[in-house]
Amino acid sequence: MSAATVGPERPQVVSHVQQALSYTVFDCKWVPRSARLLCLGSAARGTGVVQLYELHGARLELLREIEKPKPIKCGTFGATSLQQRYLATGDFDGNLNIWNLEAPEIPVYSVKGHKEIINSIDGVGGLGIGEGAPEIVTGSRDGTVKVWDPRQSDTPVANMEPVQGESKRDCWTVAFGNAYNQEERVVCAGYDNGDIKLFDLKTMSLRWETNIKNGVCSVEFDRKDINMNKLVATSLEGKFHVFDMRTQHPTKGFASVSEKAQKSTIWQVRHLPQNRDIFMTSGGSGSLHLWKYEYPAQRSKKDSEGCEMGVAGSVSLLQNVTLSTQPISSLDWSPDKKGLCVCGAFDQTVRVLIVTKLNKI
């Protein structure tokens, strides 16, 4: 690993606003095309909390607080239009709900998606990002990964579950990718035993699988709406892996580079929307690490049999900062303002960050 970039061009991670919360925050999201952000979580009495804040200079103003029957684990705007900006959430009871934040009393869509907690959710086909139908993917402790089209009621359009006799694994993370035309789309899922599975929704088949030996906390493609390019997977043991998804070898799969970022769990990875080669990881030690991926001179080569195989690049650390004594469990870049970021930690604090000099790297 190369040392962190030095000198005046090195990006800085500045804590801009800190807001104490009276509940456990599990996810935070920027509301697209706005200076607003959402915090989702669990109140002490076991109910769900949604808080909507607006950023005013150096302070956050609470616009609305909504209580729901079950704690909320995760949310996404990814399957909605920019006009609607509906929020899809997964809760501790396995429910998938879609909310109009202007009238949040009753969900605009609701389905009992899973038998147990929904750990992770992602959306695609909305916000003008990615081709094809607006879809939501959910991953659950019940071992299943399901894809939903909110225009169809109760049943998922795809259901990836363990085959007969295979033990069910807790699915911790899901992400869409490869949505560059009307037909193509994949879902990547990571599990508690280190399994990573890539499901091809066009052929409804398992396209690739691997195991990174430790529980997979977060997976994300660098872009959802392009021909698969890179995938980052983070793990329980402080390691992350970057897979080059352009070239799939028949037996070796995808080339990858791994990096030991820290001793504790890497909870999240999020790519900078304005530059797919820069990403941030958040850790169990309350720290954030900003990384840059460098491509190799040639991204593929032929093996001894003449088959194309990928060549992994390298990763360099741009900056790291410790913000909290507790894990930073959620992270979201603003899609609109480059370098604006929000993170939620188990010290019951949400922080708005500004990352400087991103246009210099």
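This section reports on the structure supplied with the text. Treat the numbers as computed from the prediction; the structure is a model and nothing was measured.

**Some thoughts on the overall build of the chain**
In terms of regular secondary structure, the chain is built from zero helices and 30 strands. Taking 21 Å as the expected radius of gyration for a compact globule of 361 residues, we find that the chain reaches 19 Å, a close match to that expectation. If you line up the chain on its principal axes, its C-alpha atoms span 60 × 55 × 35 Å. Looking at the 361 residues of the chain, the share that counts as buried comes to 57%. Taking contacts inside the chain between residues at least 6 apart in sequence as the whole, the part at least 24 apart equals 50%. Only carbon and sulfur atoms are counted for the fraction: they give 47% of the accessible area of the chain, which is about 15000 Å². Charge-centre separation for the chain: the mean point of 42 positive side chains lies 4 Å from the mean point of 40 negative side chains.

**Describing unusual backbone geometry**
The backbone of R33 sits at a positive phi, close to 55°, despite the residue not being glycine. Relative to the elements of secondary structure, R33 occurs in the loop between β2 (24-30) and β3 (36-42). A positive phi is found at K357, a non-glycine position, where the angle reads about 60°. On the secondary structure map, K357 appears in the segment after β30 (349-355).

**Things to note about the packing of aromatic side chains**
The full count for this structure, using the stated rule, is eight aromatic pairs. Summarising the aromatic geometry, the rings of W208 and F254 are spaced 4.9 Å apart at their centres and angled 85° between planes, so their arrangement reads as edge-to-face. Of this pair, W208 sits in strand β17 (residues 205-211) while F254 is found in the loop between β20 (239-244) and β21 (256-260), placing the two residues 46 residues apart along the sequence. Taken individually, W208 and F254 each receive the classification buried, so the pair is uniform in this respect.

**Brief notes about the environment of G253**
Among the structural elements, G253 can be located in the loop between β20 and β21. Residue classification places G253 among the buried residues on the basis of a relative accessible area of 7%. In this structure, the C-alpha to C-alpha distance between G253 and T210, residues 43 residues apart in sequence, is 8.3 Å. Excluding residues within four positions of it along the chain, G253 makes contact with W208, T247 and Q248.

Parameters and conventions
Residues numbered from 1 in each chain as written. Predicted model: local features only at pLDDT ≥ 70, side-chain atom pairs only at ≥ 80, totals over all residues. Heavy atoms only, no water. Helix = DSSP H or I, 4+ residues; strand = E, 2+ residues; numbered from the N terminus. Rg over C-alpha atoms; globule rule 2.2 N^0.38 Å. Buried < 20%, exposed > 50% of the residue type's maximum accessible area, 1.4 Å probe, protein only. Contact = heavy atoms within 4.5 Å. Areas by Shrake-Rupley, 256 points an atom, 1.4 Å probe, with all protein chains shown as cover. Lys, Arg positive; Asp, Glu negative; His and termini not counted. Charge placed at Lys NZ, Arg CZ, Asp CG, Glu CD. Phe/Tyr/Trp six-rings, centres within 6.5 Å; stacked < 30°, edge-to-face > 60°.

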